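Structure at a glance
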Amino acid sequence: AKHPEIKALMKPDTNLIWVVLLMVLAQLVAFYLVKDLDWKWVLFWAYVFGSCISHSMTLAIHEISHNSAFGNRKAMWNRWFGIFANLPLGVPYSISFKRYHMDHHRYLGGDGIDVDIPTNFEGWFFCTPFRKFMWIVLQPLFYAIRPLCINPKPITRLEIINLLAQLSFDVAIYYLWGAKSVCYMLAGSVLGLGLHPISGHFIAEHYMFLKGHETYSYYGPLNLLTFNVGYHNEHHDFPNIPGKSLPLVKKIAAEYYDNLPQYNSWIKVLYDFVMDDTISPYSRMKRHLKGEVKQD
């Protein structure tokens, strides 16, 4: 109400389409280039290059899940494009992520609904520096398994299509360029979503390092690789504004964001999470929802 000009930012980001196409092309070139390398170099480049592209692609899929590529009027175009963007990750992800991520926005911290909340086992077991370090390494595994434990949903037709498209792509890469290319693809996804500087955003976004503040923003340079996902307070306030425009939200409504707690380094977030005895997977706001709950 105070800044009506923000409404002008609620429109698709067509540049996202071209960025995703370039990232898919970059990974296809990488798949070809690593096919004859020694295994040690396959894993080296999977971490140094492939992991960055893979993690960035998951955040492109995050943008697409909010219909930022083609807009709300072409919602299905976004779903198909998300399946395409998913291909260089190696595992089907896009359609299921969209279903659960909408719940995260509608019912942030909702017990039994928001699968971004760690399970009781995670909070109980990963409570020492070494165990928390291993929890970070294993984050891709927990993000894959947690929905099945907390809030399993019936499989949809689009999820089956996502699975079949991904399997067909993986088989094609193996047939064309062999096991090293497939290993590079899968290792890049696992390493990029685990112990990696960009992965600091998983913890930075909603873990309560300060009591009473459950969502935090990060305004550092890694936003260039992550479609401005660091602007997280802004994103939750306006999830229908593409990441490209979130810095403008902060600039227009600076009085609402400048004085909030914020991060300058995702690497420091990871270090503090591991070493601070007061922080663990339990350091999240959990709500017991009342009334009608509508899920995708």
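Numbering of residues starts from 1 in every chain and runs along the sequence as written. In view of the model being predicted, local features appear only for residues whose pLDDT reaches at least 70, and side-chain atom pairs are presented and counted only at 80 or more, with totals across whole chains, interfaces and linings using the full set of residues. Side-chain numbers here rest on the full set of heavy atoms in the structure, without hydrogens or water.

The protein chain is annotated in an unreviewed UniProt entry as Sphingolipid delta(4)-desaturase DES1 of Tinamus guttatus. UniProt positions are given in the numbering used here, feature names are shortened, and annotations may be inferred rather than shown by experiment. Quoted straight from UniProt, the Subunit (unreviewed entry) entry for the protein chain says "Interacts with RLBP1; the interaction increases synthesis of chromophore-precursors by DEGS1." Listed in UniProt under the heading Function (unreviewed entry), the comment for the protein chain reads: "Has sphingolipid-delta-4-desaturase activity. Converts D-erythro-sphinganine to D-erythro-sphingosine (E-sphing-4-enine). Catalyzes the equilibrium isomerization of retinols."

The secondary structure listing takes helices from DSSP runs of H or I that are at least 4 residues long and strands from runs of E that are at least 2 residues long, numbered from the N terminus. Check the secondary structure of the protein chain and you find 14 helices and 2 strands. Atoms considered for the radius of gyration are the C-alpha atoms alone. The globule rule reads 2.2 Å times the number of residues to the power 0.38. Radius of gyration (C-alpha) of the protein chain: 19 Å, near the 19 Å computed for a compact globule of 296 residues. On the principal axes, the C-alpha backbone points of the protein chain span a range of 55 × 45 × 40 Å. Summary of the burial criterion: residues with accessible area below 20% of their type's maximum are buried, those above 50% are exposed, and those between are partly exposed, where the area comes from a 1.4 Å probe applied to protein chains only. Looking at the protein chain as a whole, 51% of its 296 residues qualify as buried. Contact between two residues is taken to exist if any of their heavy atoms lie within 4.5 Å; hydrogens are not considered. Considering only residue pairs separated by 6 or more positions, the protein chain has 77% of its internal contacts joining residues 24 or more positions apart. Entry remark: accessible area of the protein chain is about 14,800 Å², with carbon and sulfur atoms responsible for 67%. When charges are tallied, Lys and Arg are placed among the positive residues and Asp and Glu among the negative ones, while His and the ends of the chain are skipped. Charge placement uses NZ in Lys and CZ in Arg. For Asp and Glu, CG and CD serve respectively. In the protein chain, which carries 27 positive and 23 negative side-chain charges, the distance between the mean positions of the two groups comes to 4 Å. Where accessible areas are quoted, they stem from the Shrake-Rupley method and a 1.4 Å probe; at the residue level, only the protein chains shown are allowed to cover.

Throughout this description, the term nonpolar core refers to a set of buried Ala, Val, Leu, Ile, Met, Phe, Trp, Tyr and Cys residues connected via side-chain atoms within 4.5 Å. Of all hydrophobic cores here, the largest spans 36 residues; its most connected members are Val 20, Met 57, Trp 135 and Ile 203. Of all the elements in the fold, those that place two or more residues in this core are helix H1 (15-33), helix H2 (39-65), helix H3 (75-86), helix H6 (129-137), helix H10 (200-206) and helix H14 (266-275). In terms of residues, this core owes the most to one element, H2, which gives 6 residues. Residue contacts for Trp 135: discarding those within four places in its chain leaves Pro 118, Glu 122, Phe 126, Phe 142, Arg 146, Ile 203, Tyr 207, Phe 273 and Pro 281. Counting 12 residues, the second-largest nonpolar core is a separate cluster that includes Leu 87, Ile 173, Tyr 184 and Met 185.

Moving on: the layout of surface pockets. Cavities and pockets are found on a 1 Å grid laid over the protein atoms alone: a cavity is a set of points where a 1.4 Å probe fits but cannot escape, a pocket is an open set with protein on both sides within 12 Å along at least five of seven lines, and a lining residue has an atom within 4 Å of such a point. Grid points are joined across faces, edges and corners, and a volume is the space filled by probe spheres set on the points. Counted as a void, the largest pocket has a volume near 1,200 Å³. What lines the largest pocket is a set of 38 residues, and nearest its centre among them are Tyr 93, Ser 96, Phe 97, Tyr 143 and Ala 144. Among the elements that line the lining of the largest pocket, the one with the most residues is helix H4 (residues 94-106), at 7 residues. The classification used treats Ala, Val, Leu, Ile, Met, Phe, Trp, Tyr, Cys and Pro as nonpolar, Asp, Glu, Lys and Arg as charged, and all other residues, Gly among them, as polar. Looking at the lining of the largest pocket residue by residue, the class counts come to 23 nonpolar, 9 polar and 6 charged.

Our next topic: the pattern of salt bridges. By convention in these notes, a salt bridge is any Lys or Arg side-chain nitrogen within 4 Å of a carboxyl oxygen on Asp or Glu. Applying the stated rule across the entire model yields 12 salt bridges. The partner of Glu 159 in a salt bridge is Arg 99, with the nearest N and O atoms 2.8 Å apart. With Glu 159 in helix H8 (residues 157-177) and Arg 99 in helix H4, this residue pair connects regions lying 60 residues apart in the sequence. Of the two residues examined, Glu 159 and Arg 99, each falls in the buried class. Where Arg 106 meets Asp 103, a salt bridge forms, and the shortest distance between an N and an O atom there is 4.0 Å. In this pair, Arg 106 and Asp 103 both sit in helix H4, 3 residues apart, roughly one turn of the helix. By relative accessible area, which is 0% here, Asp 103 ends up buried. Each of the salt bridges in this network shares a partner with another, and the network as a whole consists of Asp 103, Arg 106 and Lys 153.

UniProt tags residues 16-34, 41-60, 80-97 and 184-204 as "transmembrane region" (unreviewed entry). End C-alpha to end C-alpha, residues 16-34 measures 27 Å, and it is 95% helix and 0% strand. Here residues 41-60 is 100% helix and 0% strand, with 27 Å between the C-alpha atoms at its ends.

The next point concerns unusual backbone geometry. A positive phi angle is found at Asn 67, which is not glycine, with a value near 60°. Position of Asn 67 relative to the elements: it lies in the loop between H2 and H3. Non-glycine residue Phe 227 carries a positive phi angle of around 55°. Along the chain, Phe 227 turns up in the loop between strand E1 (217-218) and helix H11 (232-237). On the basis of relative accessible area, Phe 227 is assigned to the buried category, the value being 17%.

So, about the environment of Trp 177. Mapped onto the fold, Trp 177 is located in helix H8. Residue class for Trp 177 comes out partly exposed when judged on its relative accessible area of 24%. Sequence separation between Trp 177 and Phe 31 is 146 residues; the distance between their C-alpha atoms is 7.4 Å. Apart from the residues lying within four places of it in its own chain, the contact partners of Trp 177 are Leu 28, Phe 31, Tyr 32 and Lys 35.

Per the UniProt record, "domain: Fatty acid desaturase" (unreviewed entry) is found at residues 41-262. Across residues 41-262, helical content stands at 61% and strand content at 1%; the span's end C-alpha atoms are separated by 37 Å.

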